[in-house]
Amino acid sequence: DARVTQTPRDKVTEMGQEVTMRCQPILGHNTVFWYRQTMKQGLELLAYFRNRAPLDDSGMPKDRFSAEMPDATLATLKIQPSEPRDSAVYFCASGPEGLARYNEQFFGPGTRLTVL
Amino acid sequence: DAKTTQPTSMDCAEGRAANLPCNHSTISGNEYVYWYRQIHSQGPQYIIHGLKNNETNEMASLIITEDRKSSTLILPHATLRDTAVYYCIVRVNNDMRFGAGTRLTVKP
């Protein structure tokens, strides 16, 4: 049963610290997405990649957030420095090759980030 | 992108059909209607999608009006495990924008 995996599942850190969240997309999927969910804003798309190239990161605060795909099996989302307002659940999702309009997105279990 | 309007919450009796409406009056011709749901503390889960025709799969049915300005997701026999937030999304590319969704509570 292929699934998107995310690590860590929970992260508590102090303001100013660097946070790295990792995602392993489903093998063979060529699109990867990062979302953030808060009670106030709901689910927000931060960035997405196709074939490891960033296609859109307009939803991501550029000054402190960065997203990369070092290889096809790993996507990372980094926050440096972290702030309390970054506290949220961060979801990674991946999708298969093909016309975008047909693509399902398969979501991981999320990383719950708390910045004190 | 077209926006969607959904009721904030709905209740449904276990075993009965759950009908979740969605308005998307500004949808354009090449935008698809997608439904996802999110069970508490989990990532969103794909349910179904369609363009013009009604669609059915093992999870649900999607009824799209002829003018495509609204749609209804039907869970034919709701169970307690169907309690979740249901999101209606219109999209033409990978830029999928989630709204607030409908919180469906299935009651025994």
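See above for the structure.
Residues numbered from 1 in each chain as written. Chains lettered and ligands numbered in written order. Predicted model: local features only at pLDDT ≥ 70, side-chain atom pairs only at ≥ 80, totals over all residues. Heavy atoms only, no water.

(A) Region of the structure containing the packing of aromatic side chains. Within the structure shown, the criterion is met by 11 aromatic pairs over all chains. For the pair Tyr 35 of chain A and Phe 98 of chain B, a centre-to-centre distance of 5.7 Å together with 85° between the ring planes defines the contact as edge-to-face. Placement of Tyr 35 of chain A in strand 4 (residues 31–38) and of Phe 98 of chain B in the loop between strand 8 (84–91) and strand 9 (102–107) is noted, with the two residues assigned to different chains. Judged by its relative accessible area of 10%, Phe 98 of chain B falls in the buried class. Judged by centre distance (5.1 Å) and plane angle (90°), the ring pair of Tyr 87 of chain B and Phe 98 of chain B falls under edge-to-face. One end of the pair, Tyr 87 of chain B, is in strand 8; the other, Phe 98 of chain B, is in the loop between strand 8 and strand 9, with 11 residues separating them in the sequence. Grouping residues by exposure puts Tyr 87 of chain B and Phe 98 of chain B together as buried. Connected via pairs of aromatic rings, a cluster forms that spans Phe 33, Tyr 35, Tyr 48, Phe 91 and Phe 107 of chain A together with Tyr 34, Tyr 36, Tyr 46, Tyr 87 and Phe 98 of chain B. In this arrangement the basic side chain of Arg 91 of chain B is found over the ring face of Tyr 34 of chain B, its NZ or CZ atom lying 4.4 Å from the centre. (Phe/Tyr/Trp six-rings, centres within 6.5 Å; stacked < 30°, edge-to-face > 60°. Helix = DSSP H or I, 4+ residues; strand = E, 2+ residues; numbered from the N terminus. Buried < 20%, exposed > 50% of the residue type's maximum accessible area, 1.4 Å probe, protein only. Lys NZ or Arg CZ within 6 Å of the ring centre and 35° of its normal.)

(B) Broad picture of empty space enclosed by the protein. This structure, assessed with the given rule, holds one cavity of 30 Å³ or more. Empty space within the largest cavity amounts to approximately 40 Å³. Every residue along the wall of the largest cavity is listed here: Leu 45, Leu 46, Ala 47, Tyr 48, Asp 56, Ser 58 and Gly 59 of chain A together with Arg 97 of chain B. Ranked by residue count, the leading element in the lining of the largest cavity is strand 5 (residues 42–50) of chain A, at four residues. Residues that form the lining of the largest cavity fall into these classes: four nonpolar, two polar and two charged. (1 Å grid on protein atoms, 1.4 Å probe; cavity = no way out; pocket = protein on both sides within 12 Å on 5 of 7 lines; lining within 4 Å. Points joined across faces, edges and corners; volume = space filled by probe spheres on them. Nonpolar A, V, L, I, M, F, W, Y, C, P; charged D, E, K, R; others polar.)

(C) Spatial organisation of the sheet that holds strand 7 (residues 65–71) of chain A. Residue and element names in this part refer to chain A. Ordered in space as 1-3-8-7, the four strands form an open sheet in which the pairing is antiparallel. Two strands in the sheet have a free side with no partner beyond their single neighbour: strand 1 (5–7) and strand 7. Sheet twist, expressed as the average angle between the axes of neighbouring strands with direction ignored, equals 20°. The pairing of strand 1 with strand 3 (residues 19–24) spans three bridges and is antiparallel. (Pairing = 2+ DSSP bridges. Axes fitted to C-alpha atoms, helices over the stretch in contact; angles between N-to-C directions.)

(D) The arrangement of the nonpolar core in detail. Judged by nonpolar contacts, the single largest core of 22 residues is most densely connected at Met 21, Trp 34, Leu 77 and Tyr 90 of chain A. Mapped onto this core, the elements with two or more residues apiece are strand 3, strand 4, strand 5, strand 7, strand 8 (74–79), strand 9 (88–95) and strand 11 (111–115) of chain A. With residues up to four places along the chain from it excluded, the contact list for Met 21 of chain A reads Thr 7, Trp 34, Ala 75, Thr 76, Leu 77, Ile 79, Tyr 90, Thr 111 and Leu 113 of chain A. Core analysis: the second largest hydrophobic core is formed by 21 residues, Leu 20, Ile 47, Ala 60 and Leu 62 of chain B among them. (Core = buried A, V, L, I, M, F, W, Y, C linked by side-chain atoms within 4.5 Å. Contact = heavy atoms within 4.5 Å.)

(E) Summary view of unusual backbone geometry. Of note, the bond from Thr 7 of chain A into Pro 8 of chain A is cis; its omega dihedral lies within 30 degrees of zero at -10°. Examined against the element boundaries, Pro 8 of chain A turns out to sit in the loop between strand 1 and strand 2 (10–13). For Asn 51 of chain A, which is not a glycine, the phi torsion comes out positive at approximately 50°. Looking at the secondary structure, you find Asn 51 of chain A in the loop between strand 5 and strand 6 (53–56). Judged by its relative accessible area of 51%, Asn 51 of chain A falls in the exposed class. Even without a glycine there, the phi angle at Arg 68 of chain B is positive, about 65°. Topologically, Arg 68 of chain B is positioned in the loop between strand 6 (61–64) and strand 7 (70–75). Taking the relative accessible area as the measure of exposure, Arg 68 of chain B reaches 8% and is therefore buried.

(F) Focus on the pairing of strand 7 of chain B. Residues and elements named next belong to chain B. Relative to strand 7, strand 2 (residues 18–23) runs antiparallel, the two sharing six bridges. Each residue of the ladder has a partner; that of Cys 22, found in strand 7, is Ser 71. Pairing analysis gives four bridges linking strand 6 to strand 7, with the strands arranged antiparallel. Across the sheet, residue Ile 64 finds its bridge partner in strand 7, namely Ser 71.

From the geometry alone we can't say anything about function, so treat these as descriptive.
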